[in-house]
Amino acid sequence: MSLREQLCEYGRRAVELGLVIGTSGNLSVRQGDLVAVTPSGAALDRLAPEMCPIVDVEGYLVEGELQPSSETPMHLAVYETTDAQAVVHTHSVFGTVVATTMTELPPVHYNALLLGGVVKVAEYATYGTPELAANVRAAMEGKQAALMANHGGVTIGATLEQAFEATRLLEWLCEVYVRGLGVGKPTILTEEQLAAVVERALNPPHFPRR
């Protein structure tokens with residue numbers, strides 16, 4: 001499947017799962033020094049491969065008739081400072097709720113470790129600006145995900161599938177936290193508890209055969 005076809009497939013899935021609405025959200029996938037990205041102002045569930053422009057890592061349009069997403073500078077900033085090969089940015093409901101009320105998403109479940117633990121909320125800046133790109137890059141350091149204040153979330157992966165699954169996990173964690181607040185005060189896992197999870201993952205139990 002080509003890079004552009006991947007963008008179309010996961011763009012449709014993002015809409016189907018309610019992770020974006022209207023023309024919000026954008027995705028990109030990298031191969032070498034080239035990045036295929038969703039176009040500006042297009043609904044993600046109505047994309048065709050030829051609609052997706054390709055830029056180089058410096059932000060120059062290499063191929064395509066449509067303009068790249070306005071958030072392309074943020075995608076390129078993430079590629080510059082991580083080993084990511086794909087970036088997914090959405091305006092999911094619970095992620096945006098947390099991003100408008102918190103400075104970070106605490107680890108309410110051990111699966112937060114899959115995103116790097118605590119998910120930071122990048123300081124607010126106007127979309128598509130170098131300021132937002134810099135803020136996201138700082139919040140993403142050492143992580144697989146970040147939230148963007150009063151905006152949404154962004155995740156990365158070695159593949160577009162991994163980045164998309166990280167987005168689904170981020171939204172699930174945000175929903176657990178928000179719904180937990182409706183019941184009481186969510187219990188936050190300690191560093192010791194999270195370290196124990198890592199230790200168990202590295203040393204799983206062995207079940208002998210009969």
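Please read these numbers as outputs of a predicted model, since none were measured by experiment. (Residues numbered from 1 in each chain as written. Predicted model: local features only at pLDDT ≥ 70, side-chain atom pairs only at ≥ 80, totals over all residues. Heavy atoms only, no water.)

1. A word on the overall build of the protein
In terms of regular secondary structure, the protein is built from 6 helices and 9 strands. Judged by the C-alpha coordinates and their principal axes, the protein covers about 55 × 45 × 30 Å. Looking at the protein residue by residue over its 210 residues, the buried ones come to 46%. Restricting the contact set of the protein to residue pairs at least 6 apart, pairs at least 24 apart contribute 63%. Total accessible area on the protein is roughly 11,200 Å²; 52% of this is exposed by carbon and sulfur atoms. Side-chain charges of the protein comprise 14 positive and 24 negative groups, with the mean position of each set lying 11 Å from the other. (Helix = DSSP H or I, 4+ residues; strand = E, 2+ residues; numbered from the N terminus. Buried < 20%, exposed > 50% of the residue type's maximum accessible area, 1.4 Å probe, protein only. Contact = heavy atoms within 4.5 Å. Areas by Shrake-Rupley, 256 points an atom, 1.4 Å probe, with all protein chains shown as cover. Lys, Arg positive; Asp, Glu negative; His and termini not counted. Charge placed at Lys NZ, Arg CZ, Asp CG, Glu CD.)

2. Considerations on helix H5 (residues 160-183)
The terminal C-alpha atoms of H5 lie 35 Å apart, and with 24 residues this matches the ideal 34 Å at 1.5 Å per residue to within 8%. Every buried residue of H5 is listed here: Leu160, Ala163, Phe164, Ala166, Thr167, Leu169, Leu170, Glu171, Leu173, Cys174 and Tyr177. (Expected span 1.5 Å × (residues − 1).)

3. Let's talk about unusual backbone geometry
Working note: non-glycine residues mostly have negative phi, and peptide bonds are mostly trans. Of note in this structure, Asn150 is not a glycine but carries a positive phi near 55°. Note that Asn150 resides in the loop between strand E8 (145-148) and strand E9 (152-157).

Just geometry here; none of it tells us what the structure is for.
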